[in-house]
Amino acid sequence: MPTTPRNPSRSRVATVRLKPSEYDMLQADGDERGISLSEHIRRTSLGRALPPQRPPQVDAAMVTELRRIGVNLNQAVAHFNRWAAIDRAEKADQWKLWRMNIAELGRKLDDLSRRLR
């Protein structure tokens, strides 16, 4: 008994032979885009756009750390914008503190960069 196609407008079947590596590549790309292998082949062969790849999973701890770094950087810039109102002696002390804070931010960004690789 013949089966009824899921989509009546797609009643024809085309068989395609692929190397295992080609099949795996198309399957993986389809998975990353959230579409089936058939839909991937259909869209590609007909010149239709593929959906964008899904964004990678985000590490919540890394987002929190980046947010902290951003807040620190924002505070540093705000302080810099008030720089003209500080007297000369205080500027020397503030400059040392800034260098230490910027060095710490650099270390944190380097650490996050290493974790992303």
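Attention here is on the structure that accompanies the text. (Residues numbered from 1 in each chain as written. Predicted model: local features only at pLDDT ≥ 70, side-chain atom pairs only at ≥ 80, totals over all residues. Heavy atoms only, no water.)

**Some points on the overall build of the protein chain**
- For the protein chain, the helix and strand inventory stands at four helices and zero strands.
- Looking at the protein chain residue by residue over its 117 residues, the buried ones come to 16%.
- Look at the contacts in the protein chain between residues 6 or more apart in sequence, and 31% of them connect residues 24 or more apart.
- Carbon together with sulfur atoms contributes 56% to the accessible area of the protein chain, which is approximately 10100 Å² in total. (Helix = DSSP H or I, 4+ residues; strand = E, 2+ residues; numbered from the N terminus. Buried < 20%, exposed > 50% of the residue type's maximum accessible area, 1.4 Å probe, protein only. Contact = heavy atoms within 4.5 Å. Areas by Shrake-Rupley, 256 points an atom, 1.4 Å probe, with all protein chains shown as cover.)

**Re helix H3 (residues 60–81)**
- An ideal rise of 1.5 Å per residue puts 32 Å on 22 residues; H3 measures up with 32 Å between its terminal C-alpha atoms.
- Taken residue by residue, H3 has Met-62, Glu-65, Ile-69 and His-79 as its buried positions. The buried residues of H3 occupy one face: seen down the axis, they fall within an arc of 115 degrees. Exposed side chains of H3 directed beyond 90 degrees from the buried face belong to Ala-60, Arg-67, Asn-74 and Asn-81. (Expected span 1.5 Å × (residues − 1). Arc of directions from axis to C-beta.)

**Observations regarding helix H1 (residues 20–33)**
- Between its first and last C-alpha atoms H1 spans 20 Å; for 14 residues at 1.5 Å apiece the expected length is 20 Å, and the two agree.
- Turning to H1, its buried residues number three or more, namely Leu-26, Asp-29, Gly-30 and Arg-33. For H1, the buried positions fall inside an angular range of 100 degrees around the axis, keeping them on one side. The outward face of H1, more than 90 degrees from its buried face, is lined by the exposed residues Pro-20 and Ser-21.
- One or two steps after H1, the chain reaches Gly-34, where phi turns positive at roughly 80 degrees.

**As for the layout of surface pockets**
- The space that makes up the second largest pocket amounts to roughly 220 Å³.
- Looking at the second largest pocket, the residues that line it are Asn-72, Gln-75, Ala-76, His-79, Gln-94, Leu-97, Trp-98, Asn-101, Ile-102, Glu-104, Leu-105 and Lys-108.
- Put simply, the parts of the chain that give the lining of the second largest pocket at least two residues each are H3 and helix H4 (88–116).
- In terms of residues, the lining of the second largest pocket owes the most to one element, H4, which gives eight residues.
- In the lining of the second largest pocket, the residues fall into five nonpolar, five polar and two charged. (1 Å grid on protein atoms, 1.4 Å probe; cavity = no way out; pocket = protein on both sides within 12 Å on 5 of 7 lines; lining within 4 Å. Points joined across faces, edges and corners; volume = space filled by probe spheres on them. Nonpolar A, V, L, I, M, F, W, Y, C, P; charged D, E, K, R; others polar.)

**Details of the side chain of Glu-39**
- Tracing the backbone shows Glu-39 in helix H2 (residues 37–45).
- Under the relative-accessibility criterion, Glu-39 is labelled buried at 16%.
- One polar contact links Glu-39 to Arg-43, side chain to side chain, over a distance of 2.7 Å. (Polar contact = N/O pair within 3.5 Å; in protein donor to acceptor, adjacent residues only side chain to side chain.)

**A closer look at the pattern of salt bridges**
- One pass over the structure, following the stated rule, counts six salt bridges.
- The closest approach of N and O atoms between Glu-104 and Arg-107, which form a salt bridge, is 2.8 Å. A residue pair is termed a helical-turn pair when its members lie 3 or 4 positions apart in one helix, as Glu-104 and Arg-107 do in helix H4 at three residues.
- The structure contains a network of salt bridges with shared partners spanning Glu-39, Arg-42 and Arg-43. (Salt bridge = Lys/Arg side-chain N within 4 Å of Asp/Glu carboxyl O.)

**Some points on a nonpolar patch on the surface**
- A cluster of nonpolar residues, Val-16, Leu-18 and Tyr-23, forms a patch on the protein surface that exposes about 260 Å² of accessible area.
- Among the structural elements, Val-16 can be located in the segment before H1. (Patch = residues over 30% accessible without salt bridge, like charges linked within 9 Å, V, L, I, M, F, W, Y side chains within 5 Å.)

These values are about where atoms sit, not about what they do.
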